[in-house]
Amino acid sequence: PLIARQGFPSHYFFVYPPLHSYALGGWLKIFGISAGSMKGYIIVNCLLISIATILVLRRHEASSWLEWFVPLGVTFSFLSLGLRAEAIAVALVMAGFALLDGEAISRNVGRQTVAFLLIFLGASAAPRVTLYGTALAALLSVRFWRQEANSRRRTGLLIALAVAASITALVFLLMIDFKVGEFWRNF
């Protein structure tokens, strides 16, 4: 009923990608509807972003003092936004990036698929993060392609990318009940 009063072109909330709404809805079903639960949701997203960023920094042998600034930067960046979708989008993208950054990208197709799935889901969760997620996925793909001369492993990367993109598209279509035209007009 509150959506109907906003005057959107449809009775569906197709003014934003749906992943954040589903994630928040699932969180509230598990932890209940309360102020503490809502705060916990954003804090867990910030915690995931911080952990993933610190893992990437450690893998690249950054100064240890830099790790102390990560939670501070994440807190200032995301807590002031409230319950916007950017926090979960960046959390998913950074978790996927942390899974693949470094030597791990060249070995396991299953890990590649999960990591790219997280990156693509994060990129699809908030329009502001789409370019960021796409750039990180491209960076990882190009880096792997250059370091790996084995055609089987290159084919595995392409399969991982295709599977992750397909699953992301299917999840998105399921969330909007396959109403692509209506979503696009309203979005």
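Residues numbered from 1 in each chain as written. Predicted model: local features only at pLDDT ≥ 70, side-chain atom pairs only at ≥ 80, totals over all residues. Heavy atoms only, no water.

Caption draft 1: Spotlight on the packing of aromatic side chains. According to the stated counting rule, one finds 5 aromatic pairs in the structure shown. With a centroid separation of 5.7 Å and 65° between ring planes, the pair formed by Trp 27 and Tyr 41 is classed as edge-to-face. One end of the pair, Trp 27, is in helix H1 (residues 19-31); the other, Tyr 41, is in helix H2 (residues 35-59), with 14 residues separating them in the sequence. Take Trp 27 and Tyr 41: they sit in the same class, and that class is buried. With a centroid separation of 5.1 Å and an interplanar angle of 85°, the aromatic rings of Phe 172 and Phe 183 are classed as edge-to-face. Taken as a pair, Phe 172 in helix H7 (residues 151-175) and Phe 183 in helix H8 (residues 180-186) lie far apart in primary sequence, 11 residues in all. Look at Phe 172 and you get partly exposed, because its relative accessible area is 24%. (Phe/Tyr/Trp six-rings, centres within 6.5 Å; stacked < 30°, edge-to-face > 60°. Helix = DSSP H or I, 4+ residues; strand = E, 2+ residues; numbered from the N terminus. Buried < 20%, exposed > 50% of the residue type's maximum accessible area, 1.4 Å probe, protein only.)

Caption draft 2: Structural context of a nonpolar patch on the surface. Where nonpolar side chains cluster on the molecular surface, the patch consists of Trp 65, Leu 66, Trp 68, Phe 69, Leu 72 and Phe 76 and spans about 770 Å² of accessible area. Turning to its location among the elements, Phe 69 is positioned in helix H3 (residues 64-78). (Patch = residues over 30% accessible without salt bridge, like charges linked within 9 Å, V, L, I, M, F, W, Y side chains within 5 Å. Areas by Shrake-Rupley, 256 points an atom, 1.4 Å probe, with all protein chains shown as cover. Salt bridge = Lys/Arg side-chain N within 4 Å of Asp/Glu carboxyl O.)

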